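Understanding the architecture of this molecule
Each chain, written out:
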Amino acid sequence: MNAVLPNRTINQLDHSGKIKTQHLKRKAIIYIRQSTLQQVQRHQESTRLQYGLADKAVLLGWPRSDIEVIDDDLGCSGSTMAGRQGFQRLVAEVGLDHVGLVLGLEMSRLSRSSRDWYQLLEVCAIFSTLIGDMDGIYDPGLYNDRLLLGLKGTMSEAELHILKQRMLEGKRAKARRGELGMPVAMGFVRQLSGLIVKDPDEQAQSAIGRVFELFERKRTINGVLLELVSQQIQMPHRMLGGLNKGDLVWRRPNRVTLSNLLHNPIYAGAYAYGRRPTDPRKKIPGRPSTGRTVAGINDWEVLIKDHHPAYISWSQYERNVRQLQANTAQSLGVARKGAALLSGLLICGRCGLRMAPHYSSQKGQYRYSCDRMKIDYGEAACQSLSGLTLDDYVTVQIFKALQPAALEISMAAAEDQAVERQKQQKYWLQRLERAHIDTERAARQYNAVEPENRLVARTLERKWEETMNTELELKAQYEHYLLEQPAVLSKEERLAIQHLAQDIPTLWKAETTSAMDRQTIVRQLIERILVTVIDNTEKVQAEIHWYGGHITKTRLDRPVAKLEQMAGYQTLMNRVKELQSQDCAPSQIAEKLNIEGWKPPKRRQTFNAPMVRCLLNRQGIRIGTQKQQHTAVISREADEWTLKELANHLQMPEPTLYSWIKKGHVNARQVKVDARSFWVITANQYELERLRKLRTINRTWIKPVAEPIQ
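**Some thoughts on the sheet that holds strand E4 (residues 130-133)**
- The strand order across the open sheet built from five strands is E2-E1-E3-E4-E5, with neighbouring strands paired in mixed fashion. A single partner strand is all that each edge strand has here, and the edge strands are strand E2 (67-74) and strand E5 (136-138). Put simply, the sheet's adjacent strands are angled 25 degrees from each other on average, direction ignored.
- Across three bridges, the pairing between strand E3 (residues 99-103) and E4 is parallel. Each residue of the ladder has a partner; that of Leu-101, found in E4, is Leu-130.
- Sheet strands touched by helix H9 (residues 143-176): E4 and E5. Its angle to E5, the strand with the most contacts, is close to 110 degrees.

The structure is reproduced here in structure tokens:
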């Protein structure tokens, strides 16, 4: 591409006197840039002028072989150096002392950023590289030229800012009037006048409305998606371009589409602008669409309610957004399949963090633990308690709260089933109607063609057969759907449901009621529950915060692992000793403790005689049994103990020590005396100290690794 340069410019450059032999020994670089690909396509005259700068370099004395054209940045903005491979190569060539002259049509072509512009000037000044444009040749090493180049760079940057500000302000002004044209979401179409209206297709409207109805019931995107798939409901899409622009096509639903649909305020009849502002810190160079963030409703630049017809009300839209936020992992989360009733609702009363359920290998056993700081920072676990104890108490409170509304709930459930079936029936009829319309259209097209034109007739005949097969297949699916639907409830069945609804505990424990159903019910009534374990004892303080502001406070007893953790441990020990001093047998002591309301630390609710003997042994009071008669005749070696002797010495329950034997935590062997088997445990002074330390380790769900016996 050659361009004729003005004679005055050539003469001016010829008499500048700044081009030296040292410059001519190095190459001249012609830098070419257009801001966008649209400018490259539409403003070709500017591109030809920039390529014509190569002829100017020849007139200035550079041979054609020493002239290099850098046009890598065609279609790139000059607001930053990032992403401009050509400009980076230019700076690198200057830094390598390979360039004597840099030519550009004007300074704005080289850069629109003062930071990048002054970096280029600094490098050119160090390596004595000249810069030229249509106005002349400049030497960055000279103060006057440096000052003029700096002024031109500042003006170039200011020009870009003014242009952007002018265009953005015009765009915002149009948005504030609700007239800024943006792509409309599915279920809407934009008329030629610019008005947004609902899609004229009734099935498309029905499918969109069905999504919002399902979300009101399911409350999760996954639940809506599974329901749409099971009902074979597809989503309507209008083609945005191509030969079929404006045609309605049906596609299977997916999670992203449903999420965008539920978050979009257009379905509430609102016009919104500024929902996805750009954060410069997250923007990736060379990718204009990056850096998008999600702004809150209060941070939107424009929000015009009742702008166009709506599928839902604004209050329902806000409710949906709150529910979607509550379904995230950072918030309450969705109902889970686990048995823990209060998953996501428990708040630690000590640190204020959320407590999570931890399930045991034993069926039906789980705990609520506050271990967020342990997971994130390696600190000690805050607190934990058995989940069954707290869940049972909350369940009783739920029954009390639901009792007045039981009859109303049962009636609503029966009516809801009938309404839901009518909605599904309507959608199926719309699908059948559309299939019938397609079949009739294909028949009319086939009948309208001339019989002699078999080339067209065969194609239309094949299309007619395909539409008829599709209609027949859809009718078969509809008949299968009707067979799977439950029958309409009779009057007697409705009365039976009402009678059953009055017995809420029976419904709660029914096999048809899942853990997710119970969690959903609890979340409708309870906002959060604050739990505090008092001094690591069995005492637990709980506060139930109900929706509406009411608070229920209570104290519970949780199962603990050790007797020492019980708040009344010393009082219990004194009472047992007092009863034994009155010549009461262990069984009698256990009976009196149960009558007085004393409870063991673990899940057992009553004391028995062996447990009383253990309590007495802790205090050094030995009550002989038939088994102890054989203790003296058991042959033992040095540092060997019987099971009972070692348990008494360590002041721990015999069952716990026996479990250590089974788990391999201690070294033991069995001996027989008079056809009876006894455990003999090897434990020297070091081993005794290790077992005491093992006894003091806090019990966790991860079994502690015992040290090897030495």
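Moving on from the model shown.
**Details of the sheet that holds strand E16 (residues 526-533)**
- Read across the sheet, four strands follow the order E12-E16-E17-E18 without closing on themselves; strand pairing throughout is mixed. Unpaired on one side and paired on the other, strand E12 (346-348) and strand E18 (551-557) mark the two borders of the sheet. Each strand of the sheet is rotated relative to its neighbour by a mean of 25 degrees, with strand direction disregarded.
- In this structure, E12 lies alongside E16, joined through three bridges in parallel fashion.

**Here's the deal with the packing of aromatic side chains**
- This structure, assessed with the given rule, holds ten aromatic pairs.
- Residues Phe-188 and Tyr-311 carry aromatic rings whose centres are separated by 5.3 Å and whose planes lie at 90 degrees to one another, so their mutual orientation is edge-to-face. Separated by 123 residues along the polypeptide, Phe-188 in strand E6 (residues 188-190) and Tyr-311 in the loop between strand E11 (302-304) and helix H13 (314-326) bring together distant segments of the chain.
- The exposure class assigned to Phe-188 is buried, which follows from its relative accessible area of 2%.
- The rings of Phe-188, Phe-212, Tyr-267 and Tyr-311 are connected pair by pair, giving a single aromatic cluster.
- Between Arg-84 and the ring centre of Phe-87, over which it is positioned, the NZ or CZ distance is 4.4 Å.
- Seen from the ring of Tyr-311, Lys-198 lies directly overhead, with NZ or CZ sitting 4.5 Å from the centre.

**Remarks on the nonpolar core**
- In this structure, Ile-208, Val-211, Phe-212, Leu-228, Leu-261, Leu-262 and Tyr-267 are the most contacted members of the largest nonpolar core, which totals 32 residues.
- Of all elements in the fold, only helix H10 (202-218), helix H11 (221-230), helix H12 (255-263) and H13 reach the threshold of two or more residues within this core.
- Among the elements that take part in this core, H10 stands out by supplying six residues, more than any other.
- Here Tyr-267 is in contact with Ala-185, Met-186, Phe-188, Ile-208, Phe-212, Leu-261, Ala-310, Tyr-311 and Ile-312, once residues within four sequence places are set aside.

**Points about helix H4 (residues 44-51)**
- Taken together, the buried positions of H4 are occupied by Ser-46, Thr-47 and Gln-50. Here the buried residues of H4 occupy an arc of 100 degrees about the axis, which is enough to place them on one side.
- Here the buried face of H4 lies against strand E1 (27-34), helix H3 (37-42), helix H5 (53-59) and helix H7 (107-110).

**Brief notes about the confidence of the model for the protein**
- For the protein, the average pLDDT comes to 81, and 88% of its residues sit at 70 or higher.
- Scored below 50 in pLDDT, residues 1-14 makes 23 contacts in the model with residues more than four places away or belonging to other chains.
- Taken together, the stretch residues 701-710 has pLDDT below 50 and engages in 16 contacts with residues farther than four places along the chain or on a different chain.

Calculation notes
Residues numbered from 1 in each chain as written. Predicted model: local features only at pLDDT ≥ 70, side-chain atom pairs only at ≥ 80, totals over all residues. Heavy atoms only, no water. Pairing = 2+ DSSP bridges. Helix = DSSP H or I, 4+ residues; strand = E, 2+ residues; numbered from the N terminus. Axes fitted to C-alpha atoms, helices over the stretch in contact; angles between N-to-C directions. Contact = heavy atoms within 4.5 Å. Phe/Tyr/Trp six-rings, centres within 6.5 Å; stacked < 30°, edge-to-face > 60°. Buried < 20%, exposed > 50% of the residue type's maximum accessible area, 1.4 Å probe, protein only. Lys NZ or Arg CZ within 6 Å of the ring centre and 35° of its normal. Core = buried A, V, L, I, M, F, W, Y, C linked by side-chain atoms within 4.5 Å. Arc of directions from axis to C-beta. pLDDT = per-residue confidence, 0-100.

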